[in-house]
Amino acid sequence: QVQLVESGGGSVQAGGSLRLSCEASGYTFTSNCVAWFRQAPGKEREGVASIYTGAGGGDTDYSDSVKGRFIISQDPTKRTVYLQMNSLKPEDTAIYHCATGRGRCSGVRYDYYGMSYWGRGIQVAVSS
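Residues numbered from 1 in each chain as written. Predicted model: local features only at pLDDT ≥ 70, side-chain atom pairs only at ≥ 80, totals over all residues. Heavy atoms only, no water.

A. Layout of unusual backbone geometry. One non-glycine residue, S31, lies in the positive phi region at around 65°. Topologically, S31 is positioned in the loop between β3 (18-25) and β4 (32-39). For S31, a relative accessible area of 32% corresponds to the partly exposed category. One non-glycine residue with positive phi stands out, namely R79, at about 50°. Relative to the helices and strands, R79 resides in the loop between β7 (70-75) and β8 (80-85). Accessibility expressed as a relative area gives 26% for R79, which makes it partly exposed. (Helix = DSSP H or I, 4+ residues; strand = E, 2+ residues; numbered from the N terminus. Buried < 20%, exposed > 50% of the residue type's maximum accessible area, 1.4 Å probe, protein only.)

In structure tokens, the structure reads:
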């Protein structure tokens, strides 16, 4: 049974940092796409970042809104993908979900269509 469990969310002031974790189980972690998405009430779901968990290192992609501020990374020994979020802004407030799909990522604009399993989501709230 595939499970993705997010942790590390919470409330921070603008300019602060959080690190989200997505721990995966129930499938082969390596050589698949893991992506982070976010959605706020009344707004469209946005692909934030994705990483290919290849053994030789993961290719990554970021949305324009988070480039230079967020970093996605992986620790295969822990079957975990991280999203380091720096210089947080109030507009980053959302429910963040991790998700995974088979094979390589397609880029954050298209990764959604390749996702097969989703975590329950975790709240990130950034106050001004």
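B. Expanded view of the state of the cysteines. Counting across every chain of the model gives two disulfides. Between the sulfur of C33 and that of C105 lies a disulfide, 2.1 Å long from S to S. Between C33 and C105 the sulfur-sulfur dihedral comes to about 105°; the bridge is accordingly right-handed. In this pair, C33 sits in strand β4 while C105 sits in the loop between β9 (94-102) and β10 (117-118), placing the two residues 72 residues apart along the sequence. Residue C33 is classed as buried on the basis of its relative accessible area, which comes to 1%. Among the cysteines of the protein chain that take part in disulfides, numbered as they appear in the sequence, the pairing is 1-3, 2-4. (Disulfide = S-S within 2.5 Å.)

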